[in-house]
Structure formats: structure tokens, C-alpha cells
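# Report on the structure
Letter by letter, the chains look like this.
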Amino acid sequence: MGNVDGVPVASQVKSLVQVSRGQREEALATQNRFTERCVGAAQLKSLVELVRGDVDAAAETQRKFLANTRRMLEASEVADAVPGVSQLKSAALVADGDISSAVDTHRNFLRRCPVVSQVRSVCDLVTKGPEEALDGQREFMEFASSSADKVPGIGHLKALAHRHLQGDVERAALARAAAERSRKNGQRMLGGALKDMFAANSSEATLPPEVVCNTCGPLGDVEIRRHTLLFDIAAEQLKSHSACPICLVDFQLGEEALTLRCFHVFHPLCGDRWLRANGNCPVCRVGAVPESGSR
């Protein structure tokens with residue numbers, strides 16, 4: 001998670017900490033970002049702006065909200081199965097012009113939501129026959145199983161069951177690896193959130209000077225190729241770059257990766273998608289294009 005500005009309570013705690021340190025402008029900026037990122041708060045802010053007759057401001061608030069929503073949910077498969085969240089993700093993708101991904105998200109919702117998928121299977125059984133219904137149930141069960149693998153504790157228990165009850169060592173290893181990745185990612189996200197809330201320089205308003213003055217907008221394909229580097233992941237790099245910071249999926253030895261001038265590393269597809277929407281590194285927020293670079 002890292003930045004908590006869109007999270008109720010956590011955002012307010014962060015602002016109180018900033019006020020207690022005399023950082024009143026930073027606290028105000030934190031709450032302004034909260035009203036642009038939090039579900040409900042952003043809509044209420046837009047409504048107030050509309051009542052005041054400021055249509056452009058209302059539209060800009062919703063644009064920022066949807067852009068942040070896409071950034072948070074784009075790489076999450078579980079979000080596709082959650083009612084409300086899936087529709088919000090689809091709306092953010094449509095707003096960004098990614099109709100194909102929005103359609104995929106909607107399809108995933110119909111086949112992966114615990115309730116909707118069962119209703120769909122019954123309809124398929126009646127209208128298309130048992131094979132179509134079984135395909136839908138098979139996909140739902142595979143998704144549910146892989147999602148359970150990613151839950152620390154549950155994934156570890158599944159690994160033990162696969163190993164000792166079924167004798168499936170390979171499946172046990174996959175379940176344990178998924179659970180361990182989630183545990184490490186959860187610890188990293190919690191640590192980032194606590195640091196953002198309580199660290200002395202947690203606010204976006206107090207970032208290093210280069211980051212503040214060099215905020216890049218969306219980049220085109222030519223700019224992305226010019227200011228990034230593609231390379232193959234080596235064994236020593238896996239020790240310091242175990243997973244892509246955007247999708248949180250582990251890097252594999254020998255697979256292609258993309259790095260920015262700040263040396264943070266991503267999957268090429270993840271990095272390209274991010275930079276087309278935001279030209280700053282998602283980890284350290286340094287602009288991918290140097291301040292003196294031509295745009």
C-alpha cells in the first residue's frame with residue numbers, strides 16, 4: 001500500500017501526526033488527497049463542486065479518483081470477483097479508454113464471484129447444456145483454490161494437506177510459495193503504510209526536491225522506450241528484486257524486466273501500463289524522464 005492518503009482513519013491519523021509536528025500544509029494536502037481517492041469521499045466532493053457550479057472541478061476530482069482506482073486494482077485478480085469493487089475497476093478502465101480490460105474484468109466477475117458464478121452456471125445448464133455449466137464451475141473452483149493459496153495460514157495448511165494427505169509435493173510447493181509471497185507482500189505493505197503515517201517525511205509534499213519539481217505526466221511509447229532499459233533477470237538480481245512492485249508477482253530467472261533511471265525494476269507490461277498513465281516511478285516517485293530531458 002505505501003501511501004495511505006485514500007484510506008479512512010489511516011489518512012486522518014497521518015494528518016494528526018503531521019499537525020502535531022507543525023506540518024499544517026502537509027496535513028491539509030493529505031486530507032485533500034483523501035477526498036480525491038477515497039470511495040464515497042471523492043463522490044461527495046464532486047457533488048459539492050457540482051452544487052457550487054464548478055463542473056470542471058467535479059470532473060477533475062472524478063478523473064483523479066478513477067486514475068487512483070485503476071492503479072490500485074488493475075493488477076488484482078481477486079478484485080474481479082468482489083461485487084462493487086469489480087464494477088468500480090471496470091469503470092476506471094473504461095474511463096482510461098481500456099475497453100478490452102474492462103470487458104475482461106466483467107467476464108471474470110460473472111465467472112468468479114461466488115454467488116453470480118453459481119447463478120450463471122444454472123442458467124448455462126438450462127440454456128447451453130451441462131458442458132458449459134461444468135466449464136464455468138471448473139474455472140470458479142480453480143480461481144477459488146488459487147486465491148486460497150495466497151492467504152497466509154490457509155495456503156500453508158493447504159500445502160500441508162497436499163503434501164501429507166495427497167502426496168502431491170509439487171502442488172504443496174506451489175501453495176506454500178503463494179502463501180509466503182502474500183505474507184511478505186503484506187508485511188511490506190504494512191511497513192510502508194506505517195512509515196507513511198508516522199515517518200517524519202511521509203507526506204508527498206515533503207518528497208525530495210527532484211520528485212516534487214519533476215512530476216511527469218503520462219508517457220508515450222517513444223518516451224517509454226527512450227527512458228527505460230530492458231534486460232534479463234540474473235540470479236544476483238533476484239536477491240534484491242524478488243517481485244514486481246506493481247503486480248507483486250515474483251520475477252523468474254532469465255525473464256525480461258524493465259528498469260527506470262532510479263533502478264527500480266518491473267515487468268515490462270506492468271511498467272509500460274504504469275508509465276502510460278503516470279510518468280513517475282510507482283516506488284520512489286522519481287520522474288522517468290529527467291527534468292532536463294526532452295519530452
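Not measured: the values here are computed from a predicted model.

## A look at the sheet that holds strand β2 (residues 256-259)
Judged by pairing direction, the sheet is antiparallel, and its three strands sit side by side in the order β1-β2-β3 without closing on themselves. Either end of the sheet is taken by a strand with one partner, and the two such strands are β1 (229-232) and β3 (265-266). With four bridges connecting them, β1 and β2 associate as antiparallel partners. Within β2, the residue paired with D232 across the bridge is E256.

## Focus on the state of the cysteines
Under the definition given, this model contains zero disulfides. The cysteine C270 is free of any disulfide, with C247 supplying the nearest cysteine sulfur at 3.8 Å. The class of C270 is buried, set by a relative accessible area of 16%.

## Remarks on the confidence of the model for the protein chain
Residue-level pLDDT values for the protein chain average 85, and 92% of them are 70 or greater. The least confident element of the protein chain is helix α11 (residues 209-213), whose mean pLDDT is 40; the most confident is helix α7 (residues 114-127), at 93. Within the model, the stretch residues 202-214 combines pLDDT values under 50 with 32 contacts to residues more than four positions away or in other chains.

## Details of the environment of P268
Tracing the backbone shows P268 in helix α14 (residues 268-277). Filtering out sequence-adjacent residues up to four positions away, P268 remains in contact with L230, E256, A257 and L258.

## Brief notes about the side chain of S117
Relative to the helices and strands, S117 is located in helix α7. On the basis of relative accessibility, which here comes to 3%, the residue S117 falls in the buried class. A polar contact of 2.7 Å, which involves the side chain of S117, links it to the backbone oxygen of C113.

## With respect to the pairing of β2
Relative to β3, β2 runs antiparallel, the two being bridged by two bridges. When the bridges of β3 are listed, L258 appears paired with F266. Hairpin connection, β2 to β3: the antiparallel pair is bridged by five residues, and F263 has positive phi, about 75°.

## Points about unusual backbone geometry
Positioned with a positive phi, V9 is a non-glycine residue whose angle comes to about 75°. In this fold, V9 is placed in the segment before α1 (10-20). Owing to a relative accessible area of 60%, V9 belongs among the exposed residues under this scheme. At R285, a position not held by glycine, the phi torsion is positive, near 70°. Checked against the element boundaries, R285 lands in the segment after α14.

## As for the packing of helix α5 (residues 85-95) against helix α6 (residues 99-112)
Packing of α5 against α6 leaves a shortest axis separation of 8 Å and a crossing angle of 170°. As the angle between them shows, α5 and α6 are arranged roughly antiparallel. Here α5 runs over α6; the crossing is left-handed. Residues S86, Q87, K89, S90, L93 and V94 of α5 lie in contact with α6, whose contacting residues are I99, S101, A102, T105, H106 and F109. Partitioned by chemical class, the residues of the contact of α5 with α6 number five nonpolar, six polar and one charged.

## Digging into the nonpolar core
Core analysis: the biggest nonpolar cluster contains 19 residues, and L260 and L275 have the highest contact counts within it. Contributions of two or more residues to this core are made by β2, β3 and α14. No other element matches the three residues that α14 contributes to this core. Setting aside its immediate chain neighbours within four residues, L275 contacts P218, L219, I224, T228, L260 and A288.

Conventions used here
- Residues numbered from 1 in each chain as written.
- Predicted model: local features only at pLDDT ≥ 70, side-chain atom pairs only at ≥ 80, totals over all residues.
- Heavy atoms only, no water.
- Pairing = 2+ DSSP bridges.
- Helix = DSSP H or I, 4+ residues; strand = E, 2+ residues; numbered from the N terminus.
- Disulfide = S-S within 2.5 Å.
- Buried < 20%, exposed > 50% of the residue type's maximum accessible area, 1.4 Å probe, protein only.
- pLDDT = per-residue confidence, 0-100.
- Contact = heavy atoms within 4.5 Å.
- Polar contact = N/O pair within 3.5 Å; in protein donor to acceptor, adjacent residues only side chain to side chain.
- Axes fitted to C-alpha atoms, helices over the stretch in contact; angles between N-to-C directions.
- Parallel < 35°, antiparallel > 145°, perpendicular 65-115°, else oblique.
- Left-handed = near helix turned anticlockwise from the far one by under 90°.
- Nonpolar A, V, L, I, M, F, W, Y, C, P; charged D, E, K, R; others polar.
- Core = buried A, V, L, I, M, F, W, Y, C linked by side-chain atoms within 4.5 Å.

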